[in-house]
Amino acid sequence: MPPSELISNNMHGLRVVTTPDYYHRQVQETPESELVNLAEFIPGIMLDIRYATAANLLGRPLYQQPAAYLRRPAATALRAVQAELATVGIGLKVFDAYRPYSATVAFYDHVRDETYAAPPWRGSRHNRGCAVDVTLVSLSTGESLMMPTDFDELTPAAHADFSQAPILALLNRAVLRAVMRRHYFQHCPDEWWHFDHKCWEDYDLLDLEFAALQA
Ligand SMILES: [Zn+2]
């Protein structure tokens, strides 16, 4: 590991990696910690990165470019999910994956509700590159399959146990959860689209733009 004096805890007492050099040295020492570009790594995966547009809860872009990255073990697991779904004509569409810590802070400042936004004093598993927000699409049409709500609709209908949605939405949600679980992605009780890969405890919180992840 790189020397610990190169990184200090932030104002909330959290260890957050903020320098590209530190991240790249970590990757040299531990190649598994690399954040992998999902569009290049997973054949046929679709992206709809809402935080790179104004079509999100904040009404303004949080990211400079639409991209989705995960740590290598999580990316490898998601690739296996995509391959398994493809056998029945379904694919994944990613709304968000790795999210810089500063975006989580901005999001929390807007929402002010720990049910739906990770607080700055804890950070998000998205900031570790181990959480992903996803839905299902038809591989033949590219259309999203019906789910109980849209992405980031912060209502009880988005909860994992909400049972009053149309049966097709409940079926699709169950398929997504079952396949993700088989590849060690844990679902979230409050957001049907959010999954944490089991590797999250192994990796630091990061606050680096996507462009800084390139070697
Ligand atoms: Zn999420």
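Every chain's residues receive numbers from 1 upward, in the order its sequence appears when written. For this predicted model, a pLDDT threshold of at least 70 governs which residues receive local features, and a threshold of 80 or more governs which side-chain atom pairs are given and counted, while totals over whole chains, interfaces and linings are taken from all residues. Hydrogens and water molecules were not included; the side-chain quantities draw on all heavy atoms of the structure.

A.B. asks: Tell me about helix α1 (residues 20-29), and please be specific about residues and values.
C.D. replies: Relative accessibility under 20% of the residue-type maximum defines a buried residue, over 50% an exposed one, and the middle range a partly exposed one, all with a 1.4 Å probe and only protein chains included. Under the scheme used here, helices are H or I runs from DSSP no shorter than 4 residues and strands are E runs no shorter than 2 residues, and both carry numbers assigned from the N terminus. Of the positions making up α1, those classed as buried are Y22, Y23, Q26 and V27. The arc enclosing the buried residues of α1, seen along the axis, measures out at 140 degrees, which places them on a common side. Opposite the buried face of α1, by more than 90 degrees, sit the exposed residues D21, Q28 and E29. On its buried face, α1 sits against β1 (16-17), β2 (35-37), β4 (69-71) and β9 (205-206). Here the arc refers to the set of directions running from the helix axis out to each C-beta atom. Contacts between residues were defined by any pair of non-hydrogen atoms, one from each residue, lying within 4.5 Å.

A.B. asks: Can you break down the UniProt feature "active site" (unreviewed entry) in the protein chain residue by residue, with the values?
C.D. replies: UniProt positions are given in the numbering used here, feature names are shortened, and annotations may be inferred rather than shown by experiment. Mapped onto the present numbering, the UniProt feature "active site" (unreviewed entry) falls on E191. With respect to the helices and strands, the residue E191 is situated in the loop between β7 (185-187) and β8 (194-197). Residues within four places of E191 in sequence aside, it is in contact with Y116, L154 and A158.

A.B. asks: Explain the UniProt feature "site: Transition state stabilizer" (unreviewed entry) in the protein chain residue by residue, including any values.
C.D. replies: As annotated by UniProt and renumbered to match this structure, "site: Transition state stabilizer" (unreviewed entry) occupies R99. On the secondary structure map, R99 appears in the loop between β5 (90-96) and α4 (101-111). On the basis of relative accessibility, which here comes to 9%, the residue R99 falls in the buried class. Setting aside residues up to four positions removed in sequence, R99 forms contacts with Y51, Y63, T104, S124, H126, N127, D133 and L206.

A.B. asks: So what about the packing of aromatic side chains? Which residues, and what values?
C.D. replies: For this analysis, a ring pair means two rings from Phe, Tyr or Trp (six-membered ring only for Trp) whose centres lie within 6.5 Å, classed as stacked if their planes differ by under 30 degrees, edge-to-face if by over 60, and tilted for the remaining angles. As enumerated under the stated definition, the model contains 10 aromatic pairs in all. Between Y51 and F151 the ring centres are 6.0 Å apart and the planes differ by 55 degrees, which places this aromatic pair in the tilted class. Of this pair, Y51 sits in the loop between β3 (46-47) and β4 while F151 sits in the loop between β6 (131-138) and α5 (167-182), and the two are 100 residues apart along the sequence. When sorted by exposure, Y51 lands in the same class as F151, which is buried. Aromatic side chains W192 and W193 sit 5.5 Å apart centroid to centroid with 85 degrees between the ring planes, which places their arrangement in the edge-to-face category. Summarising the burial analysis for this pair, W192 and W193 share the class buried.

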